Amino acid sequence: MDSDTAIDTLSARYQDEVEKLRQYFAAGNTRPRQWRLAQLDALARLITDNESAISEALAEDLDKPLQEVLMGETALILSEIRHARRHLRAWMRSRKVWTPAVGQPGSSWVQPEPLGVVLIIGAWNYPVQLLLAPLIPALAAGNCAVLKPSEVAAASSALMARLVPEYLDSKAVTVVEGAVDETTALLRQRFDHIFYTGGAAVGRIVMKAAAEYLTPVTLELGGKSPCVVDDGADLASAARRIAWGKCLNAGQTCIAPDYVLVDKGRRDALIAEIGRAIETMYGEQPLESPDFAAIINDRHYQRLKSYLDAGQVAIGGQSDDRRRRIAPTVLTDVDPNAEIMREEIFGPILPVLDIDNLGQAIDIIRQGEKPLAAYLFSGSRDNQRRFSDQVSSGSLCINDVIMFMSVPDLPFGGVGQSGMGQYHGRAGFDRLSHLKSVMKRARWPEVNVRFAPYSQWKMRLLKWLA
Ligand code: NAD
């Protein structure tokens, strides 16, 4: 069977599956708050009952260390669930808004309502979290969902396909495993929202497919997240945090600090501190460390290896072909036009570039696309304010990296080429709801001013009321 025929066959099958979900949704099954809470509880149980199976799958896919499974996958999901449970009643409530004089007597409010069937397409780097974290607001908002895990993290994908129907209402949530053909066939279906996490190239494919039915999309993309260390920053603290953020999941994190811009006079001192931090965390032989993940597959491993000679190796530079590991590496004297400075690195390689001052760092960042995250290490409030005012990014974290993810009330998502739409906490609930505006008028008294025949006095009164 050629690929087109295979996609047609899959598409026919998915059409039936999505139709069943749609009917289940239309019958109102997913609307009650009790159903939503029960699903969130079941999702929490899916995680807590299966911690070791999840760790094993992530070890198979990425050799992900146990503590990184907790920090980057399971704890984040559980904290989002707890937060959604606690606030669900308030989020679902209608939100009263002011009604101006022309609308009186009357009242107005915003009523969140579920959208219908949401397609969630996950990425491979945090294959459990990136699939289930968007499911939390989807369920909290009362939707049905189709989950498409990334085939690149095959063990995690298989585990999700097994566990989700075991724990969740299988009439409301289904998992479709597969690669390009399956995703292409899924994207032919009519959904009420498509929530995609991954690279921009596929993001474009998703958005084009969504245009067919005018389906709204959330695109959680990536890009180069810059990290600036200014002349007043505490170097030891900055170095430790940057090194951790770059080495977490071996750099395969969408909000990892991609490259560092540091004051010229402090570059060598910062690199020395980064070296110390790496040694403290991963020992003298980081390739052997049990706390350091592998690169997902050979394609990414070869791509990253080719970056190792994009500059002078100040730290690391070693690799292990057999186990697909790249040692934490710091590069200096990198050509700003080289591929490593144009593409998202997505691995444990950190170019450190000199700057003369904060203004130059801001100019460099603004020449590129708007990043998913921007990082500034600075003790100066003026510099912090200036950076925040002048650099547009999905998120900004001052004096740390990545940790803003732990705050459920901070909306997470990109801007410009790093994505569109935000989730986590209430932002996610609102994103996967329709915020329906409702106005209710009293029948009496009827003010005649808007009705024809129009007149001078009606015009004057309307101007005064406006
Ligand atoms: P990926 O290869 O896992 O692809 C993502 C999804 O797209 C998968 O489910 C895959 O099946 C599907 N897909 C792949 N090719 C397709 C095609 N031709 N047509 C239709 N569907 C297709 O993930 P990736 O793109 O390698 O992910 C890495 C990127 O994701 C990085 O840029 C990273 O920054 C970004 N990312 C962003 C976030 C975020 O939350 N913003 C999180 C993680 C990763």
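1. Some words on unusual backbone geometry
- For the peptide bond that leads from Gln-104 to Pro-105, omega is -5°, which places it in the cis range.
- Counting through the fold element by element, Pro-105 comes out in the loop between strand 1 (95-97) and strand 2 (106-114).
- Following Trp-444, the chain continues into Pro-445 via a peptide bond in cis, with omega recorded as -5°.
- Here Pro-445 lies in the loop between strand 18 (433-441) and helix 17 (456-465).
- You will see that Asp-63, though not glycine, has its phi angle at about 55°, which is positive.
- Within the secondary structure, Asp-63 is located in the loop between helix 3 (51-62) and helix 4 (66-92).

2. A few points about the sheet that holds strand 17 (residues 419-420)
- With respect to topology, 6 strands assemble into an open sheet ordered 5-4-3-6-7-17, the strand pairing being mixed. In this open sheet, the two edge strands, each paired with only one partner strand, are strand 5 (173-175) and strand 17.
- Looking at chain direction, strand 7 (residues 217-220) and strand 17 are connected through 2 bridges and run antiparallel. Directly across from Glu-220, in strand 17, lies its bridge partner Gly-419.
- Against the sheet, helix 8 (residues 180-187) engages strand 3 (117-121), strand 4 (144-148) and strand 6 (193-197), with an angle of about 155° to strand 3.

3. A closer look at the packing of helix 3 against helix 7 (residues 154-167)
- One way to put it is that helix 3 packs onto helix 7 with a least axis distance of 7 Å and a crossing angle of 150°. Taken together, the axes of helix 3 and helix 7 lie roughly antiparallel to each other. Residue-level inspection shows Ala-53, Ile-54, Ala-57, Leu-58, Glu-60 and Asp-61 of helix 3 in contact with helix 7, the latter providing Ala-154, Ala-155, Ser-156 and Leu-159.
- Of the residues contributing to the contact of helix 3 with helix 7, the split by class is 7 nonpolar, 1 polar and 2 charged.

4. Quick word on the domain arrangement of the chain
- Entries for the chain in the domain assignment read domain 1 (3-221 + 416-438) and domain 2 (226-406).
- The partner domain 2 presents 23 residues to the 16 residues of domain 1 that form the contact.
- Of the roughly 1700 Å² buried at the junction of domain 1 and domain 2 (both faces included), carbon and sulfur atoms supply 56%.
- Taken together, the connections running from domain 1 to domain 2 amount to 1 salt bridge.
- Connecting domain 1 to domain 2 are 8 residue pairs in polar contact (both at pLDDT 80 or more).
- Top element by residues in the side of domain 1 that touches domain 2 is helix 4. It accounts for 3 residues.
- When the residues that make up the side of domain 1 that touches domain 2 are grouped by side-chain class, the tally is 8 nonpolar, 4 polar and 4 charged.

Thresholds applied
- Residues numbered from 1 in each chain as written.
- Predicted model: local features only at pLDDT ≥ 70, side-chain atom pairs only at ≥ 80, totals over all residues.
- Heavy atoms only, no water.
- Helix = DSSP H or I, 4+ residues; strand = E, 2+ residues; numbered from the N terminus.
- Pairing = 2+ DSSP bridges.
- Contact = heavy atoms within 4.5 Å.
- Axes fitted to C-alpha atoms, helices over the stretch in contact; angles between N-to-C directions.
- Parallel < 35°, antiparallel > 145°, perpendicular 65-115°, else oblique.
- Nonpolar A, V, L, I, M, F, W, Y, C, P; charged D, E, K, R; others polar.
- Domains from an automatic or database assignment.
- Buried area = accessible area lost by both parts, 1.4 Å probe.
- Salt bridge = Lys/Arg side-chain N within 4 Å of Asp/Glu carboxyl O.
- Polar contact = N/O pair within 3.5 Å; in protein donor to acceptor, adjacent residues only side chain to side chain.

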